[in-house]
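Geometric and topological summary
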Amino acid sequence: ARDRNHRRELPAVGARMSPEFVNLRDLGGRALPDGRILPKHRLYRSGHFSNVPGPVISSLGARTVIDLREPPEIDAMPSTWPREVRVLTPARDEGVGYDNREMLTWRQDMTLEDARRHRARLYARKPMEFRGGTRAAFLCMGEALAYPIVFHCMAGKDRTGFLSAVILKWLGMDHETIMADYLLSAKAVNRFTPEQVQRLVRVYGIADQNPNVFRAMTEVHPDYLDAALDAIDRQHGGVEGYLRGAVGLTDAQLGAARVHLLSTGSGG
């Protein structure tokens, strides 16, 4: 019991105070439309874990990790998860996606507003681009022994922010709640050390680019998430249509995800 309680307490403390965690948050504790409370200690969203010491990352107690980063990012900033933790790295759909360098190869005279509009257009691709990551997350959520589950990317704001929004929207959360969760990531990029920033600059090939474009890429803006959610509604008739059609989940798989996510289970 002592070890289990330690595991439960650490994420909340680490998300607020520990310099080792980047944008780590528990999605639980929120009231659902039917009056139930989304259980805590079941589903976590986060940024990277590359600078988290082994003992600290172990005490998080995760059983499943969904790493939404791309292979060059993982190679540049690897994580050290215990052997017993299942780590999934679902591939991005490159046929409808974009390379990170695309964000930073525009006109050198591009204004900040132009860059933000283009960034929103890139966000509108996310529903199709990250079908693999979305499917992996929902399938894991349907497994009783998968919890606690952590899904993350680099800063925990874009790819992770999109997946969080899809999950909350699927649970029936209102738009204000979904947007508030997304905007909490606004300070995430400030948690990167100068060395880590330089490492990412090398990975993405983004040195000496338009600072307005770089700012648009690294900030959190409501228009970005709205573009992704609008695309889901416009192209798929809502989140249920998106999950069943584009992501390819069955009624049974979605039902299992709902049952196990809302259960207090062994991790709650």
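From a predicted model like this one, the values you see are computed outputs, not experimental measurements.

Turning our attention to the pattern of salt bridges. Side chains bearing opposite charge may pair, as long as their charged atoms lie close to each other. Inspection of the entire model under this criterion finds 16 salt bridges. The salt bridge partner of arginine 36 is aspartate 34, with a shortest N-O separation of 2.9 Å. When the shortest N-O distance is used, the salt bridge between arginine 244 and glutamate 240 registers 2.2 Å. Placement of the pair is arginine 244 and glutamate 240 together in helix H12 (residues 239–246), with a separation of 4 residues, close to one helical turn. Given a relative accessible area of 37%, arginine 244 falls into the partly exposed group.

Glancing now at the nonpolar core. Formed by 52 residues in total, the largest nonpolar core has its most connected members in Phe138, Met141, Ile167, Trp170, Leu243 and Leu261. Setting aside residues no more than four positions away along its own chain, phenylalanine 138 makes contact with Val166, Ile167, Trp170, Leu243, Leu249, Leu254 and Ala257. Membership of the second largest hydrophobic core comes to 13 residues, among which are Phe49, Val56, Trp81 and Val150.

This part covers helix H10 (residues 211–218). The complete set of buried residues in H10 reads Val213, Ala216 and Met217. Burial along H10 is one-sided: seen end-on, the buried residues are contained in an arc of 100°.

Regarding helix H8 (residues 175–183), the residues found buried are Ile178, Met179, Asp181 and Tyr182. For H8, the angular spread of the buried residues around the axis is 160°, confining them to a single face. Next to the buried residues of H8 lie strand S1 (25–26), strand S2 (43–46), helix H4 (112–123), helix H7 (159–170) and helix H11 (222–236). Two to three positions downstream of the cap, the backbone nitrogen of glutamate 176 sits 3.1 Å from a side-chain oxygen, assigning the N-cap of H8 to aspartate 174.

Taken together, the 5 strands give an open sheet; going across it, the order is S1-S2-S5-S3-S4, and neighbouring strands pair in mixed fashion. One side of each edge strand has no neighbouring strand; the edge strands of this open sheet are S1 and strand S4 (86–88). As paired strands, strand S3 (residues 64–67) and strand S5 (residues 149–152) are joined by 4 bridges and run parallel to one another. Directly across from isoleucine 66, in S5, lies its bridge partner phenylalanine 151. Contacts from helix H6 (residues 131–141) reach S2, S3, S4 and S5, with the element oriented near 170° to S3.

Looking now at the pairing of S2. Here S2 shows a buried face lined by Leu43 and Arg45 and a second buried face lined by Tyr44 and Ser46. Relative to S2, S1 is paired through 2 bridges, and the arrangement is antiparallel. The residue bridging arginine 25 from the neighbouring strand is arginine 45, located in S2. Bridging between S2 and S5 involves 4 bridges; their strand directions are parallel. From the neighbouring strand, tyrosine 44 faces S5, where its bridge partner is valine 150.

Across the protein chain, the average pLDDT comes to 84, with 82% of residues at or above 70. Here residues 1–17 is modelled with pLDDT under 50, and outside its nearest four sequence neighbours on either side it reaches 19 contacts, counting other chains as well.

All right, on to the pairing of S3 then. Two faces belong to every sheet, and in a regular strand the side chains alternate between them. A two-sided burial pattern is seen for S3, the buried positions comprising Thr64 and Ile66 on one face and Val65 and Asp67 on the other. With 3 bridges connecting them, S3 and S4 associate as parallel partners. Among the inter-strand pairings, valine 65 is bridged to a residue of S4, identified as valine 87. A crossover links S3 with its parallel partner S4, the connecting element being helix H3 (residues 71–76), and its sense is right-handed.

A separate point is the packing of aromatic side chains. Using the criterion set out here, one finds 5 aromatic pairs in the structure. When the centroid spacing of 6.2 Å and the interplanar angle of 85° are considered together, the rings of phenylalanine 21 and phenylalanine 49 count as edge-to-face. Of this pair, phenylalanine 21 sits in the loop between helix H1 (2–16) and S1 while phenylalanine 49 sits in the loop between S2 and helix H2 (54–59), and the two are 28 residues apart along the sequence. Pair check on accessibility: phenylalanine 21 and phenylalanine 49 agree, each one buried. Judged by centre distance (6.4 Å) and plane angle (80°), the ring pair of tyrosine 123 and tyrosine 182 falls under edge-to-face. Taken together, the positions of tyrosine 123 in helix H4 and tyrosine 182 in helix H8 put the pair 59 residues apart, joining distant regions of the chain. Here the aromatic residues Phe21, Phe49 and Trp81 are joined through ring pairs into a cluster of three or more. Here arginine 42 stacks its cationic end above the ring of tyrosine 147, 3.7 Å away from the centre of that ring.

What counts, and where the lines are drawn
Residues numbered from 1 in each chain as written. Predicted model: local features only at pLDDT ≥ 70, side-chain atom pairs only at ≥ 80, totals over all residues. Heavy atoms only, no water. Salt bridge = Lys/Arg side-chain N within 4 Å of Asp/Glu carboxyl O. Helix = DSSP H or I, 4+ residues; strand = E, 2+ residues; numbered from the N terminus. Buried < 20%, exposed > 50% of the residue type's maximum accessible area, 1.4 Å probe, protein only. Core = buried A, V, L, I, M, F, W, Y, C linked by side-chain atoms within 4.5 Å. Contact = heavy atoms within 4.5 Å. Arc of directions from axis to C-beta. Polar contact = N/O pair within 3.5 Å; in protein donor to acceptor, adjacent residues only side chain to side chain. Pairing = 2+ DSSP bridges. Axes fitted to C-alpha atoms, helices over the stretch in contact; angles between N-to-C directions. pLDDT = per-residue confidence, 0-100. Right-handed = clockwise from strand over helix to strand, strands pointing away. Phe/Tyr/Trp six-rings, centres within 6.5 Å; stacked < 30°, edge-to-face > 60°. Lys NZ or Arg CZ within 6 Å of the ring centre and 35° of its normal.

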